[in-house]
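# Tertiary structure, described
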Amino acid sequence: MDLRIFTEPQQGATYDTLLTVAKATEDLGFDAFFRSDHYLKMGDADGLPGPTDAWITLAGLARETRRIRLGTLMTAATFRLPGVLAIQVAQVDQMSGGRVELGLGAGWFEEEHAAYGIPFPKEKFGRLEEQLAIVTGLWATGPGKTFDFHGTYYDLTESPALPKPAQPKVPVLIGGQGASRTPRLAARFADEFNMPFGSPEDSGRQFGRVRDAAAEIGRDADAITLSNVLVACVGKDDQEVARRAAAIGREVAELKANGLAGTPAEVVDKIGRYAETGSRRMYLQILDLHDLDHLELISAQVQSQLP
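Throughout what follows, the structure given in this document is the object of discussion. Please read these numbers as outputs of a predicted model, since none were measured by experiment. (Residues numbered from 1 in each chain as written. Predicted model: local features only at pLDDT ≥ 70, side-chain atom pairs only at ≥ 80, totals over all residues. Heavy atoms only, no water.)

Take the pairing of strand β10 (residues 225-234) next. On a regular strand, one side chain projects to one face of the sheet and the next to the other, so that they alternate. Of all the 10 residues making up β10, 9 are buried; the element is thus mostly covered by neighbouring parts of the structure. Here 5 bridges tie strand β9 (residues 192-196) to β10, and the two strands are oriented parallel to one another. Each residue of the ladder has a partner; that of F193, found in β10, is L226. With helix α7 (residues 200-216) bridging β9 and the parallel β10, this β-α-β connection has right-handed handedness. (Buried < 20%, exposed > 50% of the residue type's maximum accessible area, 1.4 Å probe, protein only. Helix = DSSP H or I, 4+ residues; strand = E, 2+ residues; numbered from the N terminus. Pairing = 2+ DSSP bridges. Right-handed = clockwise from strand over helix to strand, strands pointing away.)

Further remarks concern the packing of aromatic side chains. Applying the stated criterion across every chain, the model contains 5 aromatic pairs. Ring geometry for Y39 against Y116: centres 6.2 Å apart, planes inclined by 55°, an arrangement best described as tilted. Residue Y39 is located in the loop between β2 (32-35) and α2 (54-64), and its partner Y116 is located in helix α4 (residues 110-116); the two are separated by 77 residues in the primary sequence. For Y39, a relative accessible area of 17% corresponds to the buried category. Relative to F207, the ring of F193 has its centre 6.4 Å away and its plane inclined at 90°; by these criteria the two rings are edge-to-face. Here F207 lies in helix α7 and F193 lies in strand β9, a separation of 14 residues in the sequence. (Phe/Tyr/Trp six-rings, centres within 6.5 Å; stacked < 30°, edge-to-face > 60°.)

Right, let's get into empty space enclosed by the protein. Applying the stated criterion across every chain yields a total of 1 cavity of 30 Å³ or more. As a volume, the largest cavity reaches approximately 60 Å³. Lining the largest cavity, in full, are A232, C233, R244, A247, I248, L287, D288, D291 and H294. Within the residue set of the lining of the largest cavity, elements represented by two or more residues are β10 and α8 (238-247). (1 Å grid on protein atoms, 1.4 Å probe; cavity = no way out; pocket = protein on both sides within 12 Å on 5 of 7 lines; lining within 4 Å. Points joined across faces, edges and corners; volume = space filled by probe spheres on them.)

Encoded structure:
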């Protein structure tokens, strides 16, 4: 089971804070540093000093780290044109020496679109499908050849399909809880399918749908890595768990029911329940980015116990 650190900078974080967390992620042996792609805070957080752009952040981290994978859960298709996104991701992949992964979703937070003047189209899923076809098609186009795409929402003519990423194939992540269209989209385009904030039982059902959709189109279902993202709140004892829960404005009982919360032994046991569903990668949503002792505890007493 790979453990990855996942952050929500729109809740309030500077680039320097994210850099500190990314370096700790690398030093403590975690597999990757991922971040959300949002421009507006959610809930009661003040969001200060303001949002940071996901791909500008990852470009900086690409030059400041050496080992960890870097990516998004999830880049919003509403924020960027697909040709521009393909260029951005390819460039950051080059800057990192081939360590980038692209999580791409439809976009859902209407208020942030209104706040920053970003169009919020009614038909988002169809746009996401075309974006996936374009981004992956541009990267897969051979040297000296051009790429054309004529869809409902996007039209590309004789694109040189440049630049290319450093990796032969940038891993593409798709996630969600939709029962029909999402699994079919993952079967076509995803190297990894991520189940966000779901129980082991719900994860198992959704993973089954993804595997069935892959089989229907003749794709090897084992080629798709299955993963989860869950909030993490780990403490060496009940008092430390309660302190960390209070710091992020959550209740311990709720976190234990819906996330990875408790002592290291409790968290290891719960991760094992997800592993039984076929999950092979866990994204730990870390909401207090100044509590580096939290990451050290997870590395020393959770990660070290996982197969």
